[in-house]
Amino acid sequence: MQWARKQVNFIDFALSSMLRRTGKNLALLLVYTTIVFMLASVMFFSISIRNEALSILDATPEIVVQRVMAGRHEIIPHGYAEEIRKIRGVGAVRSRLWGYYYHPGAEASYTLMVPGQVSLRDDEVSVGHGVLRTWPTHQGGEILLEKSDGRVVALNVTQLLDAETELVSSDLILMSDRTFRAITGMPEGYATDLSVSVRNPKECTTIAKKIRDALPDSRPIIKGEIRRSYATIFDWRSGYVLVLLSGAVLAFFIFALEKATGLSAEEKREIGILKAVGWTNSDVLILKFWEGAIISLTAFLLGVLAAYVHVYFFSASLFEHALKGWGILYPSFRLHPSVDAYQMGVLFLLAVVPYALVTVIPVWKTSVTDPDLVMRQ
Amino acid sequence: MTLRKSHRWLLTVSLGFFLLAVAMLASPRILRDRYDARISSQRRLVAELEVTDLCLFTDARYARHLSQADWHSPFQDNPTTLDYFPSGSMVMPPETLRGRSHAMGEKTSQLH
């Protein structure tokens, strides 16, 4: 109990001492909070989007087969589907028709797609919410697209895809087979690629190998690879997240190092006076430890709370420009909070402990010096 | 009676951490039904349309459908053209291209 009372007194003294240097400490708190905010935002965003991507893409086709020519993705003849159907263990093989459409007015690329299970009339389309947000010539439920022969076709927007699915459907324009071929110029008898379902999902790799053997110019892409691609991109310990994080971590270490390299003359004089009035080295160290802890705990709390609000209430809007790049179209989506104790622990260890420890070093150096000498400096 | 500075700080910080813990533990549970509904409608759409990628990076085609990117993506226009799309610096090559030396990708690398 006495120990706790002593610590409370130290905290009182530390707070009073810090309030005497309000400007400096507020600036310190602001920088520290910003760094924690960046670290936590990147971590929250990457963990949530990764979980979301893995859950959604679990429903993607088991194998997608592309044709490769001269190292580039090439349209695939329907005859390839027949060859693949002959392989034992293969379920359904479907042609996928999809491609891109660049709209010069919007300066955006959209994904055109023919839905396999829904039939659309030749003059109608279903579009994602992002399409309507960005399509400049959208009037009276019609959008105009240029066909491969240069003529313009007006298509009625008959359905808007569910707003909840924007993360996968924002730029989609769904249309009939015939309209798709007229716009893209894709010849009859060809598809963009093939989707293959496998009777036993454990055999995906074997079947993909058999497809590759039967059709040497094909490139099978397995669902596991698709999911792993996204898992790696949004793994907060690798990929671009690490690049973002390393900037923030580096800034933090420069900041902590600056703090570790020395104390101001005022701080040294304060330590000298404390020693002169009878404080021991350990008392001074505890006091300065509490000063560091007050700053780092407060900054951690503010930074993490701000990051939580930023990512889960404002959909990580600060990252929108980074993710959007030169793209015009960006989906509107809400992330689900999915941070666990381990991740919070890592963040705490990364953001609080090094700072609290590193601030003690210069204090220790000063506190072991003769108080008279310290005060004369 | 006024509180001491230390008590005020300890109380504020404790309350803040408590709120943070409550937000982190309770909000996923509170929002679970909405999340499940959203995920299932997205999965339904992915299964129905056979979608393979998220619509996050729309500036470059190899980033829009990054799992379907072709072999020469970063140098798509000519062999000396460096990747100039901002999203290209964030998106790594798909697993199929990186998989050669990757332990998990060893099996699939035999396919290419």
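Residues numbered from 1 in each chain as written. Chains lettered and ligands numbered in written order. Predicted model: local features only at pLDDT ≥ 70, side-chain atom pairs only at ≥ 80, totals over all residues. Heavy atoms only, no water.

Side note on the overall build of chain B
Scanning chain B from terminus to terminus reveals five helices and zero strands. Along chain B, from the amino end to the carboxyl end, the secondary structure elements read α-α-α-α-α. Taken as a whole, chain B presents about 6,100 Å² of accessible surface, with 62% of it coming from carbon and sulfur. (Helix = DSSP H or I, 4+ residues; strand = E, 2+ residues; numbered from the N terminus. Areas by Shrake-Rupley, 256 points an atom, 1.4 Å probe, with all protein chains shown as cover.)

Topic: the sheet that holds strand S5 (residues 98–103) of chain A
Strands belonging to one sheet form pairs held by backbone hydrogen bonds; the direction of such a pair is parallel or antiparallel. All names here are of chain A. Spatially, the six strands line up as an open sheet ordered S5-S6-S10-S7-S9-S8, and their pairing is mixed. In the strand order of this sheet, the two ends are held by S5 and strand S8 (142–146), each with one partner. The sheet shows a mean angle of 40 degrees between the axes of neighbouring strands, taken without regard to direction. Strand direction decides the pairing type here: S8 and strand S9 (residues 152–160), joined by five bridges, are antiparallel. From the neighbouring strand, Ile143 faces S9, where its bridge partner is Leu155. (Pairing = 2+ DSSP bridges. Axes fitted to C-alpha atoms, helices over the stretch in contact; angles between N-to-C directions.)

Examining the interface of chain A and chain B
Opposite the 94 residues of chain A that make contact, chain B presents 68 residues. For the pair chain A and chain B, the summed buried area comes to about 7,400 Å², and 64% of that belongs to carbon and sulfur atoms. Summed over the three residues of chain A that lose the most area to chain B, namely Arg219, Trp326 and His336 of chain A, the buried surface amounts to 9% of that side. At the surface where chain A touches chain B, the tally comes to five salt bridges. Counting across the chain A and chain B interface gives 23 residue pairs in polar contact (both at pLDDT 80 or more). Sorting elements by how many residues they give to the side of chain A that touches chain B places helix H11 (residues 281–312) of chain A first, with nine residues. Taken together, the residues that form the side of chain A that touches chain B break down as 52 nonpolar, 24 polar and 18 charged. (Contact = heavy atoms within 4.5 Å. Buried area = accessible area lost by both parts, 1.4 Å probe. Salt bridge = Lys/Arg side-chain N within 4 Å of Asp/Glu carboxyl O. Polar contact = N/O pair within 3.5 Å; in protein donor to acceptor, adjacent residues only side chain to side chain. Nonpolar A, V, L, I, M, F, W, Y, C, P; charged D, E, K, R; others polar.)

Looking at the nonpolar core
By size, the foremost hydrophobic cluster in this structure holds 88 residues, and its most contacted members are Phe44, Phe45, Val304 and Met344 of chain A together with Leu56 of chain B. Top element by residues in this core is helix H2 (residues 22–56) of chain A. It accounts for 16 residues. Among the nonpolar cores identified, the runner-up in size contains 42 residues, and Leu97, Tyr101, Phe180 and Leu194 of chain A belong to it. (Core = buried A, V, L, I, M, F, W, Y, C linked by side-chain atoms within 4.5 Å. Buried < 20%, exposed > 50% of the residue type's maximum accessible area, 1.4 Å probe, protein only.)

Some points on the pattern of salt bridges
Residues and elements named next belong to chain A. Applying the stated criterion across every chain, the model contains 24 salt bridges over all chains. With a closest N to O distance of 3.7 Å, Glu188 and Arg181 form a salt bridge. Three or more residues joined by partner-sharing salt bridges are found here, namely Arg20, Arg21, Glu270, Lys288 and Glu291.

Let's talk about the confidence of the model for chain A
Of the residues in chain A, 95% reach a pLDDT of 70 or more, and the chain-wide mean stands at 86. Of all the helices and strands in chain A, helix H16 (residues 371–376) of chain A carries the lowest mean pLDDT, 69, while strand S11 (residues 190–191) of chain A carries the highest, 96. (pLDDT = per-residue confidence, 0-100.)

Observations concerning the environment of Ile294 of chain A
Within the secondary structure, Ile294 of chain A sits in helix H11. Taking C-alpha positions, Ile294 of chain A is 9.0 Å from Ala356 of chain A, a pair spaced 62 residues apart along the chain. Ignoring sequence-local partners within four residues, the contact set of Ile294 of chain A consists of Ile11, Ala14, Leu15 and Met18 of chain A together with Trp9 of chain B.

Structural notes on the side chain of His65 of chain B
Within the fold, His65 of chain B resides in the loop between helix H3 (61–64) and helix H4 (95–98). In contact with His65 of chain B, other than residues within four places in its own chain, are Trp98, Tyr100 and Thr111 of chain A together with Thr52 and Asp53 of chain B.

What about helix H1 (residues 2–20) of chain A?
A rise of 1.5 Å per residue sets the reference length of H1 of chain A, with its 19 residues, at 27 Å; its end C-alpha atoms lie 27 Å apart and thus fit the reference within 8%. Tucked inside the fold, the buried residues of H1 of chain A contact H2, helix H10 (265–276) and H11 of chain A together with helix H1 (5–30) of chain B. (Expected span 1.5 Å × (residues − 1).)

Describing the packing of aromatic side chains
Residues and elements named next belong to chain A. Tallying each qualifying case throughout the model produces 14 aromatic pairs over all chains. When the centroid spacing of 6.0 Å and the interplanar angle of 50 degrees are considered together, the rings of Tyr330 and Phe333 count as tilted. Given the relative accessible area of 10%, Tyr330 is considered buried. Among the residues examined, Phe333 registers a relative accessible area of 10% and is labelled buried. (Phe/Tyr/Trp six-rings, centres within 6.5 Å; stacked < 30°, edge-to-face > 60°.)

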